[in-house]
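Architecture at a glance
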Amino acid sequence: DQQVKQNSPSLSVQEGRISILNCDYTNSMFDYFLWYKKYPAEGPTFLISISSIKDKNEDGRFTVFLNKSAKHLSLHIVPSQPGDSAVYFCAASGGDFGNEKLTFGTGTRLTIIP
Amino acid sequence: DVKVTQSSRYLVKRTGEKVFLECVQDMDHENMFWYRQDPGLGLRLIYFSYDVKMKEKGDIPEGYSVSREKKERFSLILESASTNQTSMYLCASSHNTEAFFGQGTRLTVV
């Protein structure tokens, strides 16, 4: 039972344009959401997060939007750069183990085309 | 700078061998995790620990066990390695919610 879903396994975007990565979740107890970026042969690195009390969080070129009623979040990267090419995972926490356990999605491979 | 270190980057083991994957963090974090990453399946939680000698099963604990004798060290044990345990294994630690990951261990079971 996949509680966090990323329905697009891959996405290609022209350099300089906006990249939009999507994530859906099913567990209404989730109250904190994160995005991680992963390069091949490296561990994931934290990118940006959002609490369920907010609907938007911004950090430089990265913005995360949360729609609680739709159980949907998205990551916007603008402008997209070649170094953004990586696999992006969304993750959620909350529920039985509170903030101690992160549930990850299946990932979206983003390719930025120069 | 935070650091999570996994003992091996690449490992090749034979079917039936007992395999130990070691992870050390230097951030004094209470929580530590073991995930595996497989194509199309994302990161799946194997086990986690929220304190020394405490452990909880994750989503796919079968075929694995863990040990946490010291706060900074969390070991993943494959009791009898099988080919379907060939994967990228990722260790992480956290204090609140943001988890910090090690560089990963690519394990191949032949």
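Structure report, in brief. As the structure is a prediction and not an experimental result, all values here were calculated from the model.

**Quick notes on the overall build of chain B**
Broken down by element type, chain B carries 0 helices and 12 strands. For a compact globule of 110 residues, the expected C-alpha radius of gyration is about 13 Å, and chain B comes in at 13 Å, within 12% of that figure. Taking the principal axes of its C-alpha atoms as reference, chain B extends roughly 35 × 25 × 25 Å. With 110 residues in all, chain B has 50% of them scored as buried. Taking contacts inside chain B between residues at least 6 apart in sequence as the whole, the part at least 24 apart equals 54%.

**Let's talk about the sheet that holds strand β8 (residues 72-77) of chain A**
Strand pairing in a sheet relies on backbone hydrogen bonds. The paired strands run either parallel or antiparallel. All names here are of chain A. Read from one edge to the other, the open sheet built from 5 strands follows the order β1-β3-β8-β7-β6, with strand pairing classed as antiparallel. Among the strands making up the open sheet, the edge pair consists of β1 (4-5) and β6 (56-59). Bridge analysis of β6 against strand β7 (residues 62-67) gives 4 bridges, and the strand direction is antiparallel. Counted as the bridge partner of Glu58 is Thr63 from β7.

**A short note on the nonpolar core**
Proteins that are soluble and globular tend to have nonpolar side chains buried together. Judged by nonpolar contacts, the single largest core of 23 residues is most densely connected at Phe33, Trp35, Leu73, Leu75 and Tyr88 of chain A. Of all the secondary-structure elements, those providing two or more residues to this core are β3 (19-25), β4 (30-38), β5 (45-51), β7, β8, β9 (86-94) and β11 (108-113) of chain A. Contacts of Tyr88 of chain A, omitting those with residues within four sequence positions, involve Gln6, Leu21, Trp35, Tyr36, Lys37, Leu47, Leu75, Ile77, Gly107, Thr108 and Leu110 of chain A. In terms of nonpolar packing, the next biggest core, distinct from the first, is built from 21 residues, Val19, Cys23, Met32 and Val66 of chain B among them.

**Section: the pattern of salt bridges**
Here the structure, examined in full by the defined rule, presents 8 salt bridges over all chains. Taking the shortest distance from any N to any O, the salt bridge between Lys101 of chain A and Asp59 of chain B comes out at 3.7 Å. In this pair, Lys101 of chain A sits in the loop between β9 and β10 (103-104) while Asp59 of chain B sits in the loop between β7 (56-57) and β8 (64-70), so the two residues belong to two different chains. On the basis of relative accessibility, which here comes to 46%, the residue Asp59 of chain B falls in the partly exposed class. With its nearest N and O atoms 2.9 Å apart, the salt bridge here joins Arg44 of chain B to Asp38 of chain B. Connected through shared salt-bridge partners, Arg36, Asp38 and Arg44 of chain B make up one network.

**A closer look at the side chain of Ser87 of chain B**
Residues and elements named next belong to chain B. Secondary-structure assignment places Ser87 in strand β10 (residues 87-94). In terms of polar contacts, Ser87 uses its side chain to reach the backbone carbonyl oxygen of Gln37, at 3.1 Å. Excluding residues that lie within four positions of it along the chain, Ser87 makes contacts with Arg36, Gln37, Asp38, Thr105, Arg106 and Leu107.

**Observations concerning the state of the cysteines**
A disulfide bridge is the covalent bond that connects two cysteines by way of their sulfur atoms. Residue and element names in this part refer to chain A. Across all of its chains, the model carries 2 disulfides over all chains by this definition. Each disulfide pairs two cysteine sulfurs, and for Cys23 the partner residue is Cys90, the sulfurs being separated by 1.9 Å. Every disulfide takes its handedness from the sign of the S-S torsion; for Cys23 and Cys90 that torsion is 60 degrees, giving right-handed. Of this pair, Cys23 sits in strand β3 while Cys90 sits in strand β9, and the two are 67 residues apart along the sequence.

Conventions used here
Residues numbered from 1 in each chain as written. Chains lettered and ligands numbered in written order. Predicted model: local features only at pLDDT ≥ 70, side-chain atom pairs only at ≥ 80, totals over all residues. Heavy atoms only, no water. Helix = DSSP H or I, 4+ residues; strand = E, 2+ residues; numbered from the N terminus. Rg over C-alpha atoms; globule rule 2.2 N^0.38 Å. Buried < 20%, exposed > 50% of the residue type's maximum accessible area, 1.4 Å probe, protein only. Contact = heavy atoms within 4.5 Å. Pairing = 2+ DSSP bridges. Core = buried A, V, L, I, M, F, W, Y, C linked by side-chain atoms within 4.5 Å. Salt bridge = Lys/Arg side-chain N within 4 Å of Asp/Glu carboxyl O. Polar contact = N/O pair within 3.5 Å; in protein donor to acceptor, adjacent residues only side chain to side chain. Disulfide = S-S within 2.5 Å.

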